[in-house]
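Residues per chain, in single letters:
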Amino acid sequence: RPPMLPLFGRVIGMLVDTNEVVAGGDIHYTLVIQNLSNTALSNLTVTDRFDQTKISFVDGANAIDTGNGQLLFRIRSIAAGQTWRAVYTMRASRNLRSGEQIVNIATLTGDDLALGSMSDRVSIVQTTVVSELPQTGSAFDLLFVLATLPLAAATAFSQKVLKAA
């Protein structure tokens, strides 16, 4: 289940699973739409615009890939107070260089939203291309423990000396 995204009064939000990606790597997005009104919202469309020279659609969420740098999500209805979510995967181009930015812009449209603020109906996320992702895992956890062990021992010793004095 995707994490809840606090939208702070916004109707749409987009969550990305990483701020950094290597060229050729996958990025997982979650779109979240909250109906903050007291009536159902119907006939909605979310358009996710992106630079197709930088990323491409892989799969997920009943998205319609228009082939021109846009994904479309059609939503029949969201009841009052309810939330709609879609999770999908995009892949970074193998030709990207470290430092390049990948930007996705999701826009929500629909007849019931005509009076709403545009800033409440647009969400933008950015991912930076890196040459390699930082290493994590048990080997680095052990390295961290070994590196900080002398500091922990010194702190414990100084506490013991202070209590004895």
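Here, the structure is the one placed above.
Just so it is clear, the structure is predicted and the values come from calculations on it, not from any experiment. (Residues numbered from 1 in each chain as written. Predicted model: local features only at pLDDT ≥ 70, side-chain atom pairs only at ≥ 80, totals over all residues. Heavy atoms only, no water.)

This part is about the packing of aromatic side chains. As enumerated under the stated definition, the model contains three aromatic pairs in all. Relative to Tyr 88, the ring of Tyr 29 has its centre 5.5 Å away and its plane inclined at 20°; by these criteria the two rings are stacked. Here Tyr 29, found in strand E3 (residues 26-34), pairs with Tyr 88, found in strand E8 (residues 83-92); they are 59 residues apart in sequence, far enough to count as distant. Judged by its relative accessible area of 0%, Tyr 29 is buried. On the accessibility criterion, Tyr 88 (0% relative accessible area) is buried. Residues Phe 73 and Trp 84 carry aromatic rings whose centres are separated by 6.2 Å and whose planes lie at 70° to one another, so their mutual orientation is edge-to-face. Here Trp 84 lies in strand E8 and Phe 73 lies in strand E7 (residues 70-78), a separation of eleven residues in the sequence. A residue is classified by how much of its surface remains accessible, and Phe 73, at 1% relative accessible area, is buried. What links up through ring pairs into an aromatic cluster is the set Tyr 29, Phe 73, Trp 84 and Tyr 88. (Phe/Tyr/Trp six-rings, centres within 6.5 Å; stacked < 30°, edge-to-face > 60°. Helix = DSSP H or I, 4+ residues; strand = E, 2+ residues; numbered from the N terminus. Buried < 20%, exposed > 50% of the residue type's maximum accessible area, 1.4 Å probe, protein only.)

So, to be careful, I would describe these as geometric facts and stop short of saying anything about function.
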